[in-house]
Amino acid sequence: NPENEYIPLDLRISVRRDTLRLISEMAQDMGISINDVFSFLAEDSVVDLELLEDLNKIVIPNKCSLGDLKNELLKKKLC
């Protein structure tokens, strides 16, 4: 199924030393690589997200006032 195909990405990220230690221990306990842990974490963090609207229809202004921003957020019920 092309929609569920995994695509390899070479990423460079920075994490705190303690975070890396925990992720390394997690990977070792699960018998998988650190890359697999990061892949699972990335997948799990977005699995329940839904695209609320078509991004092609969004217009981003060059500038706006704080009031305009609040009004737009209230219209979208994001706050």
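Parameters at a glance
Residues numbered from 1 in each chain as written. Predicted model: local features only at pLDDT ≥ 70, side-chain atom pairs only at ≥ 80, totals over all residues. Heavy atoms only, no water. Helix = DSSP H or I, 4+ residues; strand = E, 2+ residues; numbered from the N terminus. Areas by Shrake-Rupley, 256 points an atom, 1.4 Å probe, with all protein chains shown as cover. Salt bridge = Lys/Arg side-chain N within 4 Å of Asp/Glu carboxyl O. pLDDT = per-residue confidence, 0-100. Patch = residues over 30% accessible without salt bridge, like charges linked within 9 Å, V, L, I, M, F, W, Y side chains within 5 Å. Axes fitted to C-alpha atoms, helices over the stretch in contact; angles between N-to-C directions. Parallel < 35°, antiparallel > 145°, perpendicular 65-115°, else oblique. Contact = heavy atoms within 4.5 Å. Nonpolar A, V, L, I, M, F, W, Y, C, P; charged D, E, K, R; others polar.

The secondary structure content of the chain amounts to three helices and zero strands. Summed over all atoms, the accessible surface of the chain reaches about 8200 Å², with 54% contributed by carbon and sulfur.

Under the definition given, this model contains two salt bridges. Between Arg21 and Glu25 there is a salt bridge, and its shortest N-O distance comes to 3.1 Å. Pair noted here: Arg21 and Glu25 are both in helix H1 (residues 17-30), with a separation of four residues, about one helical turn.

When pLDDT is averaged along the chain, the result is 82; 81% of the residues meet or exceed 70. Mean pLDDT in the chain bottoms out at helix H3 (residues 66-75), which sits at 84, and peaks at H1, which reaches 94.

With that out of the way, let us pick up a nonpolar patch on the surface. Residues Ile7, Leu9, Leu11, Ile13, Val15, Leu20 and Ile34 make up a contiguous nonpolar surface patch of about 700 Å² in total accessible area. Tracing the backbone through its elements, the reader meets Leu11 in the segment before H1.

Between two packed helices, what matters for the description is the angle formed by their axes and the separation of those axes. It is the contact of H1 with helix H2 (residues 34-46), at a shortest axis distance of 8 Å, that shows an interaxial angle of 100°. The orientation of H1 relative to H2 falls into the category roughly perpendicular. Contact with H1, carried on its side by Leu20, Ile23, Ser24, Met26 and Ala27, involves Ile34, Val37, Phe38 and Leu41 of H2 and no other residues of that element. Of the residues in the contact of H1 with H2, the class split is eight nonpolar, one polar and no charged.

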